[in-house]
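Residue-level structural notes
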Amino acid sequence: MDVKRKTKDNIKARLDVALFCNRKNMELVCDGSRVAKPRASFVLEKNALLVYKWLKSLHFPDGHASNISRLVNTEECRLFGMKSYDCHVFMQKLIPLTFHDLLPKGIWDALTEISHFFRDICSSKLNIDHIERLQTNIIETICKLEMIFPPSFFDSMEHLPVHLPFEVKVGEPVQYR
C-alpha cells in the first residue's frame, strides 16, 4: 500500500471541499509552498487529556460493562481493546456525559441525538409511534452530522442508521434478533 499516495488523496479530498462545498472553516489554507489544515470545531485540543483521565476513573457495576478504565492509555490519549458491548455503552450512555462541556452546543446536540437514537433502537420495548418518530429524526440527525464533519468522513456505514427503524418495524426489537 502506497501510504504517500493516500496522503495526497486526502489532501485532494480536502481541496475538493473548496470546490463543491460551501464550508470556509474546512478549506485548506495555501500560503506559498505550505498547505495548512484549519483546526476543526469538533477537535478536543486541550481537553482531550481530561476526557481520558475521566474515563480512567470510571467504574461500572459488575456485569454492566467491562472495566473501561483499564482500556484507557492516558499517556498516548487513546482507548484500546474495547469489545463490542463496551462500544455500545460508550456510544449510548457515555458520549452525552463525556462531551457535554467540552464541545460547542451544536456538535454536542448532534452527537447526543445519535447516541439517544442507538439507545432507543436497542431497547427491548418499542411502540410503532416511537419508531416512526425515530425514523424521521435520524434523517435530521445524519444531516446535522454531515454539516459538522468533512465529507470524507462519510461512507455507506454512516448512512445505515436511516434503515434501522424500518428493520425494527419489520423484524421486532433488535434484542430478539
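Above: the structure in question.
Figured I'd write up the structure that's included with this text.

Conventions adopted
Residues numbered from 1 in each chain as written. Predicted model: local features only at pLDDT ≥ 70, side-chain atom pairs only at ≥ 80, totals over all residues. Heavy atoms only, no water. Core = buried A, V, L, I, M, F, W, Y, C linked by side-chain atoms within 4.5 Å. Buried < 20%, exposed > 50% of the residue type's maximum accessible area, 1.4 Å probe, protein only. Helix = DSSP H or I, 4+ residues; strand = E, 2+ residues; numbered from the N terminus. Contact = heavy atoms within 4.5 Å. 1 Å grid on protein atoms, 1.4 Å probe; cavity = no way out; pocket = protein on both sides within 12 Å on 5 of 7 lines; lining within 4 Å. Points joined across faces, edges and corners; volume = space filled by probe spheres on them. Nonpolar A, V, L, I, M, F, W, Y, C, P; charged D, E, K, R; others polar. Phe/Tyr/Trp six-rings, centres within 6.5 Å; stacked < 30°, edge-to-face > 60°. Axes fitted to C-alpha atoms, helices over the stretch in contact; angles between N-to-C directions. Parallel < 35°, antiparallel > 145°, perpendicular 65-115°, else oblique. Left-handed = near helix turned anticlockwise from the far one by under 90°.

1. Looking at the nonpolar core
- One finds Leu 55, Leu 94, Phe 99, Leu 103, Leu 111 and Leu 145 to be the most contacted residues of the largest nonpolar core, which totals 27 residues.
- By residue number, the principal contributor to this core is helix α4 (residues 105-121), which donates seven residues.
- Setting aside residues up to four positions removed in sequence, Leu 55 forms contacts with Ile 68, Ser 69, Val 72, Leu 79, Phe 90 and Leu 94.

2. A look at the layout of surface pockets
- Counted as a void, the largest pocket has a volume near 620 Å³.
- Around the largest pocket, the lining is made up of 25 residues, and of these Met 91, Ile 95, Leu 111, Ile 114 and Phe 153 lie nearest the centre.
- Looking at the lining of the largest pocket, the elements that each hand over two or more residues are α2 (48-56), α3 (84-98), α4, α5 (128-148) and α6 (156-159).
- The element best represented in the lining of the largest pocket is α2, accounting for four residues.
- Looking at side-chain class alone, the lining of the largest pocket contains 24 nonpolar, no polar and one charged residues.

3. Notes on unusual backbone geometry
- Notably, Cys 77 is not glycine yet its phi reads approximately 50°, a positive angle.
- A relative accessible area of 29% places Cys 77 in the partly exposed class.

4. Brief notes about the packing of aromatic side chains
- Within this structure, the stated rule accounts for two aromatic pairs.
- A centroid spacing of 4.6 Å and a plane angle of 50° characterise the contact between Phe 42 and Phe 149, whose relative ring orientation is tilted. Within this pair, whereas Phe 42 is found in the loop between β2 (34-36) and α2, its partner Phe 149 is found in the loop between α5 and α6, the two being separated by 107 residues in sequence.
- Residue classification places Phe 42 among the partly exposed positions, given a relative accessible area of 25%.
- On the accessibility criterion, Phe 149 (13% relative accessible area) is buried.
- Judged by centre distance (5.3 Å) and plane angle (75°), the ring pair of Phe 117 and Phe 118 falls under edge-to-face.

5. Observations concerning the packing of α5 against helix α7 (residues 164-171)
- Where α5 meets α7, the axes come as close as 8 Å, and the angle between the chain directions of the two elements is 160°. As judged from the angle between their axes, α5 and α7 are roughly antiparallel. Between α5 and α7 lies a crossing of left-handed hand. Here Ile 128, Ile 131, Glu 132, Leu 134 and Gln 135 of α5 lie close against α7, whose contacting residues are Pro 165, Phe 166, Val 168 and Lys 169.
- Residue composition of the contact of α5 with α7, by class: six nonpolar, one polar and two charged.

6. Points about the packing of α2 against α3
- The interhelical angle for the contact between α2 and α3, taken along N-to-C directions, is 125°, at an axis separation of 12 Å. With respect to α3, the element α2 is oriented oblique. Judged by the twist between their axes, the crossing of α2 over α3 is right-handed. Residues Val 51, Trp 54 and Leu 55 of α2 lie in contact with α3, whose contacting residues are Phe 90, Leu 94, Leu 97 and Thr 98.
- Considered class by class, the residues forming the contact of α2 with α3 number six nonpolar, one polar and no charged.

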